[in-house]
Number of protein chains: 2
Amino acid sequence: MLFEELKQRRTIRKYTGEDIPEKLLNELIETACRVSTTGNMQLYSVIITRDKEMKEKLAPAHFNQPTVTSAPVVLTFCADFNRFIKWCDWRDAQQGYDNFQSFFTAAIDALIFAQQFCTVAELAGLGICYLGTTTYNAPQIIETLQLPKYVIPVTTITVGYPSEIPEQVERLPLEAIIHQEKYKDYTREDIDRLYRDKENLAANLKFIKENNKKTLAQVFTDVRYKKEDNEYFSEVFLKIIKEQGFRF
Amino acid sequence: MLFEELKQRRTIRKYTGEDIPEKLLNELIETACRVSTTGNMQLYSVIITRDKEMKEKLAPAHFNQPTVTSAPVVLTFCADFNRFIKWCDWRDAQQGYDNFQSFFTAAIDALIFAQQFCTVAELAGLGICYLGTTTYNAPQIIETLQLPKYVIPVTTITVGYPSEIPEQVERLPLEAIIHQEKYKDYTREDIDRLYRDKENLAANLKFIKENNKKTLAQVFTDVRYKKEDNEYFSEVFLKIIKEQGFRF
């Protein structure tokens, strides 16, 4: 099958020292630009970080995950209405894009563009890692990369030649994520059945023990993605979206 | 190059009558599940619409774009924290995911999963079309597909075997969307240069004339993506995100 490689893919966090030639990186980005975009507006930008000092400045925003400073290239994908609005302003067109729906539209454009970049990069033999920290610490990233009004970072990807081939991690059974015609809500029995394999994996059992928890779910709620953090970073993200010009 | 097909891709809105076998569709979705997901939480669901009546019910939410009723399969991709929260609730874990950051995290998961599905489907010979109308009319889609609390549709894709091969549409030059190390804001001269080819395309000149406008940008601001629509649908989308349980 043509997509066998996509079936075998995994996140790569460790890279060889090999650099990514500018010509190749440009070709990958240009290919990714062929992905769908709302009304062909291309409401995204990507900031390319290769400079060691710039990586060090970005690292704290990503909670100093080592992949940021060790990757040859760090890409910050932004929802960008700045370019389009400037174009409207200079073409005698009255823009109406300083609102939440427009921000979200640009975020969709940026995210599917980011994902297409990842796939293209992987098909070229590179490895990638997403940094979900981007929306937590958007204000610091905006400052470091000097993002103007109407530009919000929505995800970051580290890219490089793989120096590891980690095990593929588990996924829920297909049944867990598809619904035929209408959403069929989950009963307790469904949840038990769908999460059983995940909960019984040796790696996950170890995870529970290491964190002194009773269940795997508690590792998520009490350690990895905590209520107080989510609530704090909700406020921060909402505030910066507004400060960058999207009113609501 | 391995990604030559992705360079040649285009949106397909018209399909042959041929159905997509369930086994193939499942394999495509399962392959797409290999895409990155935040903390391996898989915060997405996909609703599969094959039933003619269900397509007719969904169509108005997508402003009756003909692709909805003519595609063999319509897929509604949802940011889904419902499944994960139920799992937490039934595992003695105190969830903290009823907030904006968590909604946005689930939206990211759903969107990159949707895009990976598109790529996998295209590599299998299918064609896809994104429907940006999903976030405009989320309330109607939620009602039709019976989406519970903590589930928000973020994009919809029609899928089928292509019955057309339309021309590839233009893209801005690569220079327009990349920034080295820091965001370099656009001067008026930059915008003139970067949009020149787009503005001079015969198809776009025709577009201006047909809409009785002076500039291509005015076709966007006055006809296609209007201020009053964007503002109205911002209110609608914000309201439904809150009503579905994400407080802010």
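Now for a look at the structure at hand. Per chain, the residues get numbers from 1 upward, laid out in the order the sequence is written. Whichever chain is written first becomes A and whichever ligand is written first becomes 1, with later ones labelled in order. Per-residue local features of the predicted model are confined to residues with pLDDT of at least 70, and side-chain atom pairs are confined, for both listing and counting, to 80 or more; whole-chain, interface and lining totals are unaffected and use all residues. The side-chain quantities take in all heavy atoms of the structure and omit both hydrogens and water.

1. A look at the sheet that holds strand β3 (residues 127-131) of chain A
Selection criterion: Two strands qualify as a pair provided that DSSP identifies no fewer than 2 bridges between them. Secondary structure follows DSSP: runs of H or I at least 4 residues long count as helices, runs of E at least 2 residues long count as strands, and numbering of each begins at the N terminus. Axis angles are defined between N-to-C directions and span 0 to 180 degrees, where every axis is a line fitted to C-alpha atoms and, for a helix, only to the segment in contact.
Here we have 5 strands laid out as an open sheet, ordered β3(A)-β4(A)-β2(A)-β1(A)-β5(B), and mixed in their pairing. Two strands lie at the open edges of the sheet, namely β3 of chain A together with β5 (178-180) of chain B, each paired on one side alone. If you compare each strand with its neighbour and ignore which way they point, the axes differ by 25 degrees on average. Inspection of the sheet shows β3 of chain A paired to strand β4 (residues 151-160) of chain A by 5 bridges, in the antiparallel sense.

2. What about the packing of aromatic side chains?
Test applied: Pairing of aromatic rings covers Phe, Tyr and Trp, the last through its six-membered ring, and needs centres within 6.5 Å; plane angles under 30 degrees mean stacked, over 60 mean edge-to-face, and all others mean tilted. In this scheme, a residue with accessible area under 20% of its type's maximum is buried, one over 50% is exposed, and one in between is partly exposed, where area comes from a 1.4 Å probe on protein chains only.
Enumeration according to the criterion identifies 52 aromatic pairs over all chains in this entry. Between Phe103 of chain A and Phe237 of chain A, the ring centres sit 6.4 Å apart and the planes meet at 75 degrees, which makes this aromatic pair edge-to-face. Of this pair, Phe103 of chain A sits in helix α6 (residues 100-123) while Phe237 of chain A sits in helix α11 (residues 227-243), placing them 134 residues apart in sequence. A relative accessible area of 0% means that Phe103 of chain A is categorised as buried. Ring centres of Phe77 of chain B and Phe117 of chain B lie 6.1 Å apart, and the angle between their planes is 45 degrees; on these two criteria the pair is classed as tilted. Taken together, the positions of Phe77 of chain B in strand β2 (residues 73-80) and Phe117 of chain B in helix α6 (residues 100-123) put the pair 40 residues apart, joining distant regions of the chain.

3. Overview of the pattern of salt bridges
The condition is simple: Any Lys or Arg side-chain nitrogen found within 4 Å of a carboxyl oxygen on Asp or Glu counts as a salt bridge.
In the structure shown here, the tally under the stated rule is 36 salt bridges over all chains. Residue Asp92 of chain B is joined to Lys214 of chain A by a salt bridge in which the shortest nitrogen-to-oxygen separation is 2.9 Å. With one member in each of two chains, Asp92 of chain B in the loop between α5 (82-89) and α6 and Lys214 of chain A in the loop between α9 (202-210) and α10 (216-224) form a pair that bridges those chains. The residues Asp92 of chain B and Lys214 of chain A share a single accessibility class, namely exposed.

4. Here we look at the environment of Val35 of chain B
The criterion, for reference: Any pair of residues with heavy atoms lying within 4.5 Å of one another is described as a contacting pair.
The residue Val35 of chain B is located in the loop between α2 (22-32) and β1 (44-49) in this model. In this structure the C-alpha to C-alpha distance between Val35 of chain B and Ser45 of chain B, which are 10 residues apart in sequence, comes to 14 Å. Other than its neighbours up to four places away in sequence, Val35 of chain B contacts Arg9, Gln115 and Arg171 of chain A together with Ile112, Phe113 and Gln116 of chain B.

5. With respect to the packing of α6 of chain A against α6 of chain B
Note the cut-off: Geometric relationships in this document are graded by angle, where less than 35 degrees denotes roughly parallel, more than 145 denotes roughly antiparallel, 65 to 115 denotes roughly perpendicular, and other angles denote oblique. Take the far helix as your reference; a near helix turned counterclockwise from it by less than a right angle gives a left-handed crossing, and one turned clockwise gives a right-handed crossing.
Where α6 of chain A meets α6 of chain B, the closest approach of the two axes is 9 Å, and the angle between their N-to-C directions is 45 degrees. As summarised for this structure, α6 of chain A and α6 of chain B are arranged oblique, according to the angle between their axes. Where α6 of chain A crosses over α6 of chain B, the handedness of that crossing is right-handed. Contacts between α6 of chain A and α6 of chain B pair Phe100, Phe103, Phe104, Ala107, Ile108, Leu111, Ile112, Gln115, Gln116 and Thr119 of chain A from the former with Phe100, Phe103, Phe104, Ala107, Ile108, Leu111, Ile112, Gln115, Gln116 and Thr119 of chain B from the latter.

6. Some details on unusual backbone geometry
One non-glycine residue, Gln42 of chain A, lies in positive phi territory at about 50 degrees. Note that Gln42 of chain A resides in the loop between α2 (22-32) and β1 (44-49). For Gln42 of chain A, a relative accessible area of 1% puts it in the buried group. Phi is positive for Tyr150 of chain B, which is not a glycine, with a value near 70 degrees. On the secondary structure map, Tyr150 of chain B appears in the loop between α7 (138-145) and β4 (151-160).

7. Quick notes on the packing of helix α8 (residues 188-200) of chain A against α5 of chain B
Test applied: Nonpolar residues are Ala, Val, Leu, Ile, Met, Phe, Trp, Tyr, Cys and Pro. Charged residues are Asp, Glu, Lys and Arg, and all others, Gly as well, are polar.
Relative to each other, α8 of chain A and α5 of chain B sit at 80 degrees, their axes nearing to 11 Å. In this view, α8 of chain A runs roughly perpendicular relative to α5 of chain B, as classed from their interaxial angle. Residues Ile191, Tyr195 and Glu199 of chain A of α8 of chain A form the contact with α5 of chain B, whose own contacting residues are Arg83, Phe84, Lys86 and Trp87 of chain B. Tallied by class, residues from the contact of α8 of chain A with α5 of chain B come to 4 nonpolar, no polar and 3 charged.

8. So, the side chain of Thr156 of chain A
Rule in force here: We call two N or O atoms a polar contact when they sit within 3.5 Å, provided that within protein one can donate a hydrogen and the other can accept it, with sequence-adjacent residues counted only if both atoms are side-chain atoms.
Counting through the fold element by element, Thr156 of chain A comes out in strand β4. A polar contact of 2.8 Å, which involves the side chain of Thr156 of chain A, links it to the side chain of Thr134 of chain A.

9. Topic: the relation of the copies chain B and chain A
In plain terms, the rule: Superposing copies: least-squares fit, C-alpha atoms only, residues required to have pLDDT of at least 70 in both.
Least-squares fitting of chain B to chain A yields an RMSD of 0.0 Å, with the transformation described by 0.0 Å of translation along the axis and a rotation of 180 degrees. Both copies are brought into coincidence by an operation consistent with a two-fold rotation axis. The rotation axis passes nearest to the C-alpha of Ile112 of chain B in chain B, at a distance of 2.8 Å. Take the interface residues of chain B: 100% of them recur as interface residues in chain A, which is what a same-surface contact looks like.

10. Regarding the side chain of Gln95 of chain A
Assignment of secondary structure puts Gln95 of chain A in the loop between α5 (82-89) and α6. Within the structure, the side chain of Gln95 of chain A is placed 2.6 Å from the backbone nitrogen of Tyr97 of chain A, a separation counted as a polar contact. Setting aside residues no more than four positions away along its own chain, Gln95 of chain A makes contact with Ile85, Cys88, Asp89 and Tyr150 of chain A together with Thr221 and Lys227 of chain B.

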